[in-house]
Amino acid sequence: MTREADPRESPPASQARFVNPPLKRHPTLQPLSREHHGGLVLVRRLREAAGAGDEAARLRAAGLLAAAWAAEIEAHFADEELLVGPFISDQDKARLIEEHRSLERRIAMINHEHTAPSPAWLDETADLLEQHIRWEERELFPAAERGGADCLDTLAHEAERIERDRPGARRRQNPEAN
Ligand SMILES: [Fe+2]
Ligand SMILES: [Fe+2]
């Protein structure tokens, strides 16, 4: 059986896979953790395009990022602010929102300029996205699990909605998960 990547650890993004979330993650947050794996795959693709030396590859990567934003990331950010926001410190909440807005501004740029982004822009965007995901998995989600221990169960319907609406959030067949 293949060992699954855990975004709380530090595998290179090139090894990121679509896998189930850590066993310890609260069920209400598990769909968001599953989407993080998709985010790490996107990080890898952005870096590959940055290193390809090929404008067409960079343009395709920008398209992938814009499509991921529309299909998943925008809603993922909103759901994190909804599900995690009430249970974290003001400082963490400010960081969460600032990093979301920062990534949102970057994606808005590619939606407005229909030219290939530079390799540096793709690498910077990949770095920001990866660091954001790692911070959430290692620090923010555990903090929300501690702070919302009595309340996260009551938000299970939100997790069900996310699983229903977003393919990257659905649980997969794995006897070790859930
Ligand atoms: Fe986030
Ligand atoms: Fe996230």
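Just so it is clear, the structure is predicted and the values come from calculations on it, not from any experiment.

This next bit is on helix α2 (residues 55-83). Because an α-helix completes one turn every 3.6 residues, residues spaced three or four positions apart along the sequence face the same direction. The terminal C-alpha atoms of α2, which comprises 29 residues, lie 39 Å apart, in line with the 42 Å expected from a rise of 1.5 Å per residue. Along α2, the sharpest kink reaches roughly 60°, centred on Trp69. Within the span of α2, buried status applies to Arg58, Ala61, Ala62, Leu65, Ala68, Trp69, Glu72, Ile73, His76, Asp79, Glu80 and Leu83. Tucked into the core, α2 has its buried residues touching α1 (30-51), α3 (90-112), α4 (119-147) and α5 (156-165).

Here we come to the environment of Asp92. With respect to the secondary-structure elements, Asp92 resides in helix α3. What makes Asp92 partly exposed here is the crowd of 19 C-beta atoms within 10 Å. Between the C-alpha atom of Asp92 and that of Leu140, which follows or precedes it by 48 residues, the distance is 7.3 Å. Residues in contact with Asp92, not counting those within four places in the same chain, are Leu140 and Ala143.

In summary, soluble globular proteins display a tendency toward joint burial of nonpolar side chains. Leu42, Val43, Leu46, Ala61, Leu65 and Leu122 are the most contacted members of the largest nonpolar core, which has 17 residues in total. Mapped by element, the contributors of at least two residues to this core are α1, α2 and α4. With 13 residues, the next largest nonpolar core counts Leu32, Leu140, Ala159 and Ala169 among its residues.

Angle between the axes and distance between the axes are the two parameters that describe a pair of packed helices. Between α1 and α2, the shortest axis-to-axis distance is 10 Å and the interhelical angle comes to 160°. The angle between α1 and α2 places the two elements in the roughly antiparallel class. The chirality of how α1 crosses α2 is left-handed. On α2, the residues that touch Leu32, Glu35, Gly38, Leu42, Arg45, Leu46 and Ala49 of α1 are Ala57, Arg58, Arg60, Ala61, Leu64, Leu65, Ala68, Glu72, His76, Asp79 and Glu80. Here the residues of the contact of α1 with α2 sort into nine nonpolar, two polar and seven charged.

What counts, and at which threshold
Residues numbered from 1 in each chain as written. Chains lettered and ligands numbered in written order. Predicted model: local features only at pLDDT ≥ 70, side-chain atom pairs only at ≥ 80, totals over all residues. Helix = DSSP H or I, 4+ residues; strand = E, 2+ residues; numbered from the N terminus. Expected span 1.5 Å × (residues − 1). Bend = angle between axes of the 7 residues up to and from the residue. Buried ≥ 20, exposed ≤ 12 C-beta atoms within 10 Å, placed from the backbone. Contact = placed C-beta atoms within 7 Å. Core = buried A, V, L, I, M, F, W, Y, C linked by C-beta atoms within 7 Å. Axes fitted to C-alpha atoms, helices over the stretch in contact; angles between N-to-C directions. Parallel < 35°, antiparallel > 145°, perpendicular 65-115°, else oblique. Left-handed = near helix turned anticlockwise from the far one by under 90°. Nonpolar A, V, L, I, M, F, W, Y, C, P; charged D, E, K, R; others polar.

By themselves, these figures tell us nothing about what the structure is for.
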